Amino acid sequence: MSSCKSFGKDKVVFATKEDHAQHSTVELPQSEPSPGLLLPNGDINWNCPCLGGMATGPCGVEFRDAFSCFHYSEAEPKGSECFDHFQTMQDCFAKYPTVYNQNLDDNDEKETIPTSDTKVANEYVDPMHQEDEKLPVISKDGAHNSRDIETKKN
């Protein structure tokens, strides 16, 4: 049979093999379904993980204004009257590039077009050695010599 001892604010329960052999009788309450982007009343759920914290970052107010304008827009095309809100949000994003452009590099928007000088994807290129480079060769007796690397040129 198990026993319980209290040590200040902590409580230690000693369980026996018999205690562990019995199935638990604890019933957990049903978890509430997460509301998603929209709450049941139709309002925007600013705590939704789908927003990626944008509503609470340094430009949270600007983001909420622009997103709300678009969400509640009845114009055709939808959100066409929200240009100023989105421009304000973009201006704010530009002030915090490390927060809002963390996954973008300067090269992300540029497309690389393969040329005849581009290495074939399956061709092995040793990053430590350049073509026509001399490598030291160490013999068993410890003497150093240099030899040319033979490279395959297509």
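Residues numbered from 1 in each chain as written. Predicted model: local features only at pLDDT ≥ 70, side-chain atom pairs only at ≥ 80, totals over all residues. Heavy atoms only, no water.

Caption draft 1: Focus on the pairing of strand β1 (residues 3–7). One ladder, built from five bridges, connects β1 with strand β2 (residues 10–14); its direction is antiparallel. Of the residues in β2, the one forming a bridge with F7 is D10. Counting the residues in the hairpin turn of β1 and β2 gives two residues, including G8, whose phi is positive at 65°. (Pairing = 2+ DSSP bridges. Helix = DSSP H or I, 4+ residues; strand = E, 2+ residues; numbered from the N terminus.)

Caption draft 2: The arrangement of the pattern of salt bridges in detail. On inspection of all chains with the given rule, the structure shows one salt bridge. Between D10 and K9 there is a salt bridge, with the nearest N and O atoms lying 3.3 Å from each other. The exposure class of D10 is partly exposed, given its relative accessible area of 42%. (Salt bridge = Lys/Arg side-chain N within 4 Å of Asp/Glu carboxyl O. Buried < 20%, exposed > 50% of the residue type's maximum accessible area, 1.4 Å probe, protein only.)

Caption draft 3: Just the state of the cysteines, in detail. Under the definition given, this model contains three disulfides. Each disulfide pairs two cysteine sulfurs, and for C59 the partner residue is C92, the sulfurs being separated by 1.9 Å. Residues C59 and C92 are joined through a disulfide that is left-handed, its torsion about the S-S bond being -90°. Here C92 lies in helix α3 (residues 83–95) and C59 lies in the loop between α1 (17–21) and α2 (60–72), a separation of 33 residues in the sequence. Judged on exposure class, the residue C59 and its partner C92 are both buried. Covalent S-S linkage joins C69 and C82, the inter-sulfur distance amounting to 2.0 Å. Across the disulfide from C69 to C82, rotation about the S-S bond amounts to roughly -90°, and the bridge is consequently left-handed. Of this pair, C69 sits in helix α2 while C82 sits in the loop between α2 and α3, placing them 13 residues apart in sequence. Given a relative accessible area of 0%, C82 falls into the buried group. When the cysteines engaged in disulfides are numbered in sequence order, the chain pairs them as 1-2, 3-6, 4-5. (Disulfide = S-S within 2.5 Å.)

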